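# Fold and geometry: a report
What follows is each chain in one-letter form.
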Amino acid sequence: KHNDDESTVKHQLERIYSHKKEIKHFPDTRFQQQSSGLEELVGGQWINTPFGDIFRAEFTWDLYEIYGNCELSTILSIDLKAISEIFLAPPPRSIESILFLDTETTGLSGGSGTVAFMIGLGFVKESTFHVHQYFISQLSHEEGMLELVQYVVNQYDTIISYNGKTFDIPLLNTRFIMNHQHPLNTDMSHIDLLHHSRNLWKYSQENCKLTTLERDKLGFEREEDIPGELIPGVYFEYMRLNRVDMLAKVFIHNRWDIITMLAVLLRIMESHKRQHAEANPLDDYAKGRLFKNRLNYERSISHYRNVLSSDITKQRRIKTLLELGSVLKKCGEYENAKTIWTEACNPNLPFCYEAYRELAVYYEHRIKDFKKAKILVSNALERIPFHRSDEICELQNRLSRLERKIKMGYNDESEQES
């Protein structure tokens, strides 16, 4: 029955896609559009389609040109296998099969009422980075733009976006379906740089907005950039008053977003490869967590030790010690883990219940040194804040158990040998 349901759904979708609306025949208004000055301001041309005129702006960036502190030309010799390993995605066929995508929309909330009035696409060709931006001057021309974009996207095997998995791609697929077109190929690899940026820099950055990383990680700052939240209003003002001057800033904003995505891709890959200490220990802390989650414990331990050798707050030191102790425990390095937990119990550091608990478990169950375990639990009860009642109860129960074991005359040495 499940297969029958799937077949029914598939049939219904195919019916929707194939049931195209009657083709709208718009007059060729290219010469009227040119008078708006858009071509002169941003560079490009109007494309007449059966669904209305679509403007395509074209921009090229020499990859050897300086961009902040990032050498964009690195993309030309990048290891495709490394892309797969770092971003946990299928490797692209080539650098020229990667497509960077970013949209500008009539609203930031998403949903079926939000329309992408501009779709920017970036790609590498030889030693040049090309940015093509598809734009509709009227919302009724959307279907023509989507068909043009679909044709281009289908020539690539990997999409790179910034928050595209949450916003851009679901939005575009909604618009494709509402215009009786197939959504983007689900087999296409998609790398969302926002997710990977947060993994690396969320502790050291005030936020992981593209423009923030651009400034702090890439050493590049835009001049007179238009804030993203103002862009929908600029578009509607363009449609009402033909404010081409403000609209040109939207093209420039979108263009920089796409070029910056290329730079962020390279910076993420560079950060993954770098094993020595980061300038900001919080970046090492993030990498310790990242490689722990990827089960690369050797790299995780290395980055956590980088953090501990840096000047960090006491709270961050406690968190790092706990993280490092957890990784060492997973690796079976109990003696090293014991040293880390002992450091976390230092009276000069904030009270750390987890470290006392780990040490108590270590001495009680692994070493069978019940007296040492009892001393640790007693020390913890002296230091623990009074409002942590559940943990106090757990410590008291552990203390009672240890006292019973000691009273029953367990032989510590024989227990260790057994």
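The structure displayed is predicted, hence computed values, not measured ones. (Residues numbered from 1 in each chain as written. Predicted model: local features only at pLDDT ≥ 70, side-chain atom pairs only at ≥ 80, totals over all residues. Heavy atoms only, no water.)

### Looking at the packing of aromatic side chains
- Enumeration according to the criterion identifies 19 aromatic pairs in this entry.
- Ring geometry for Phe 117 and Phe 135: centres 6.2 Å apart, planes at 90 degrees, overall edge-to-face. Placement of the pair is Phe 117 in strand β4 (residues 116–125) and Phe 135 in strand β5 (residues 128–136), with a sequence separation of 18 residues.
- Looking at Phe 117, the relative accessible area reads 0%, which means it is buried.
- Take Phe 135: its relative accessible area is 0%, and that puts it in the buried class. (Phe/Tyr/Trp six-rings, centres within 6.5 Å; stacked < 30°, edge-to-face > 60°. Helix = DSSP H or I, 4+ residues; strand = E, 2+ residues; numbered from the N terminus. Buried < 20%, exposed > 50% of the residue type's maximum accessible area, 1.4 Å probe, protein only.)

### Some details on the side chain of Glu 214
- Within the secondary structure, Glu 214 sits in helix α8 (residues 210–216).
- A distance of 2.2 Å separates polar atoms of two side chains, one belonging to Glu 214 and the other to Thr 260.
- Residue contacts for Glu 214: discarding those within four places in its chain leaves Tyr 67, Gly 219, Phe 220, Arg 222, Trp 256 and Thr 260. (Polar contact = N/O pair within 3.5 Å; in protein donor to acceptor, adjacent residues only side chain to side chain. Contact = heavy atoms within 4.5 Å.)

### Details of the confidence of the model for the protein chain
- For the protein chain, per-residue confidence averages 90 on the pLDDT scale, and 88% of positions sit at 70 or higher.
- Across residues 25–35, where pLDDT falls below 50, the model places 22 contacts with residues more than four positions away in sequence or in other chains.
- Considering only residues more than four positions removed or in separate chains, one finds that residues 412–418, a stretch of pLDDT under 50, has seven contacts. (pLDDT = per-residue confidence, 0-100.)

### Section: the sheet that holds strand β6 (residues 158–161)
- Overall, mixed pairing links the seven strands, which are arranged β1-β2-β5-β4-β3-β6-β7 in an open sheet. Sheet topology places β1 (44–49) and β7 (189–192) at the edges, where each strand pairs with a single neighbour. Neighbouring strand axes in the sheet, compared pairwise and without regard to direction, differ in orientation by 25 degrees on average.
- Where β1 meets strand β2 (residues 52–62), six bridges bridge the pair, whose relative direction is antiparallel. Across the sheet, Gly 44 pairs through a bridge with Ala 57, a residue of β2.
- Across the sheet, helix α9 (residues 231–241) touches β3 (98–105), β4 and β5, and the angle it forms with β5 is around 55 degrees.
- Together, β2, β3, β4, β5 and β6 form the strand contacts of helix α10 (residues 244–273), whose direction differs from that of β3 by roughly 145 degrees. (Pairing = 2+ DSSP bridges. Axes fitted to C-alpha atoms, helices over the stretch in contact; angles between N-to-C directions.)

### Focus: helix α13 (residues 314–330)
- Across its 17 residues, α13 extends 24 Å between first and last C-alpha, which sits within 8% of the 24 Å expected from 1.5 Å per residue.
- Within α13, the full set of buried residues consists of Arg 316, Arg 317, Ile 318, Thr 320, Leu 321, Glu 323, Leu 324, Gly 325, Val 327 and Leu 328.
- Looking at the buried side of α13, the elements it contacts are α11 (281–293), α12 (297–308) and α14 (334–344).
- Of the residues flanking the end of α13, it is Gly 332, one or two places downstream, whose phi is positive at about 80 degrees. (Expected span 1.5 Å × (residues − 1).)

### Some remarks on unusual backbone geometry
- Phi at Asn 163 takes a positive value of approximately 70 degrees, unusual for a residue other than glycine.
- Looking at the secondary structure, you find Asn 163 in the loop between β6 and α6 (164–178).
- Exposure remark for Asn 163: the relative accessible area of 27% places this residue in the partly exposed category.
- For Lys 368, which is not a glycine, the phi torsion comes out positive at approximately 65 degrees.
- Turning to its location among the elements, Lys 368 is positioned in the loop between α15 (353–366) and α16 (370–383).
- The class of Lys 368 is partly exposed, set by a relative accessible area of 23%.

### Focus on the environment of Arg 366
- The topology assignment puts Arg 366 in helix α15.
- Using a relative accessible area of 46% as the deciding quantity, one classes Arg 366 as partly exposed.
- It is 9.1 Å that separates the C-alpha atoms of Arg 366 and Tyr 334, two residues lying 32 residues apart in sequence.
- Among residues more than four places away in sequence, those in contact with Arg 366 are Tyr 334 and Val 361.
- A polar side-chain atom of Arg 366 sits 3.4 Å from a polar atom in the side chain of Tyr 334.

### Section: the pairing of β5
- Of all nine residues that make up β5, eight are buried, and the element is covered over most of its length.
- Relative to β5, β2 is paired through nine bridges, and the arrangement is antiparallel. Across the sheet, the residue bridging to Thr 60 is His 130, located in β5.
- Examined bridge by bridge, β4 and β5 share eight bridges and lie antiparallel to one another.

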